[in-house]
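# Summary of structural features
This is what each chain is made of:
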Amino acid sequence: MTDTPLPSCPECSGAYAYEMGALLVCPECGHEWPAVSDEGAAAPAERVVKDAVGNVLADGDTVTVVKGLKVKGSTSGIKAGTKVRNIRLVDGVDGHDIDCKIEGFGPMQLKSSVVRKV
């Protein structure tokens, strides 16, 4: 083992990564990645997330839901026109790239294709 601390998991940000051969493994989500980073490789292009009308979104923006959304486990859904403040852009599952907290529903993830920047 090395004396330097191991990096956190790039998928879930878990702090309990461990070495397994040439890979680092996260016991929380099961993600595996190479232990040696490619220093000479070019940095990946910054991801650009756009809303339903083509505006570029950023962390901390306020957006409005453009169409009614059904919510699992809830009798009512999210109505069109609902304002969502302080969004956070994430690499979510199935295209859900906005992490937010909606008043009355709590924390959830939304697709950028169903919101419009205010």
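For the structure, see preceding data.
In every chain, residue numbers begin from 1 and rise along the written sequence. Local features in this predicted model are restricted to residues of pLDDT 70 or higher, and side-chain atom pairs are both shown and tallied only at a pLDDT of 80 or more, whereas totals for entire chains, interfaces and linings draw on every residue. By convention in this description, side-chain values take in all heavy atoms of the structure and omit both hydrogens and water.

Strands are labelled as partners when DSSP assigns at least two bridges between them. Elements are defined by DSSP. Helices are runs of H or I of four residues or more, strands are runs of E of two residues or more, and each kind is numbered from the N terminus. Reading across from one edge, E1-E2-E3 is the order of the three strands in this open sheet, with antiparallel pairing throughout. Among the strands making up the open sheet, the edge pair consists of strand E1 (18-20) and strand E3 (32-34). Averaged over all adjacent pairs, the angle separating strand axes in this sheet is 35°, with direction ignored. As defined by bridge partners, E1 adjoins strand E2 (residues 23-25) across three bridges and the pair is classed as antiparallel. Among the inter-strand pairings, Tyr-18 is bridged to a residue of E2, identified as Val-25. Every angle, taken between N-to-C directions, lies between 0 and 180 degrees, and every axis is a line fitted to C-alpha atoms, over only the stretch in contact when it is a helix.

A few words now on the pairing of strand E10 (residues 106-111). One ladder, built from six bridges, connects strand E9 (residues 96-102) with E10; its direction is antiparallel. Paired with Asp-99 across the strands is Gln-109, a residue of E10. Where E9 folds back on E10, the antiparallel hairpin that results is connected by three residues, among which Gly-104 adopts a positive phi of roughly 95°.

A separate point is the pairing of E9. Bridge count for strand E8 (residues 88-89) against E9 is two bridges, and the pairing is antiparallel. Following the sheet pairing, Arg-88 is matched in E9 by Asp-99. Turn length for the E8-E9 hairpin, with the two strands adjacent in sequence and antiparallel, is six residues, and the turn residue Asp-94 shows positive phi of about 55°.

Here we come to the nonpolar core. Take the buried Ala, Val, Leu, Ile, Met, Phe, Trp, Tyr and Cys residues and link them wherever side-chain atoms come within 4.5 Å; each set so joined is a nonpolar core. Note on exposure labels: buried denotes an accessible area under 20% of the residue type's maximum, exposed denotes more than 50%, and partly exposed covers the range between, all computed with a 1.4 Å probe on protein chains only. Val-84, Cys-100 and Leu-110 are the most contacted members of the largest nonpolar core, which has 16 residues in total. Taken together, the elements giving at least two residues each to this core come down to strand E6 (63-65), E9 and E10. Here, two residues are considered to be in contact whenever any of their heavy atoms come within 4.5 Å of each other. With residues near it in sequence (within four places) discarded, Leu-110 still touches Leu-69, Val-84, His-96, Asp-97, Ile-98, Cys-100, Ile-102 and Val-115. Within the second largest apolar cluster, five residues are counted, among which are Cys-9, Ala-17, Leu-24 and Cys-26.

Okay, the environment of Glu-103 next. The topology assignment puts Glu-103 in the loop between E9 and E10. Classification of Glu-103 by relative accessible area gives exposed; the value is 80%. Along the primary structure Glu-103 and Thr-82 are separated by 21 residues, whereas in three dimensions their C-alpha atoms are 9.2 Å apart.

Another aspect to go through is the sheet that holds E8. Spatial ordering of the open sheet is given by E8-E9-E10, a layout of three strands whose pairing is antiparallel. In this open sheet, the two strands that pair with only one neighbour each are E8 and E10.

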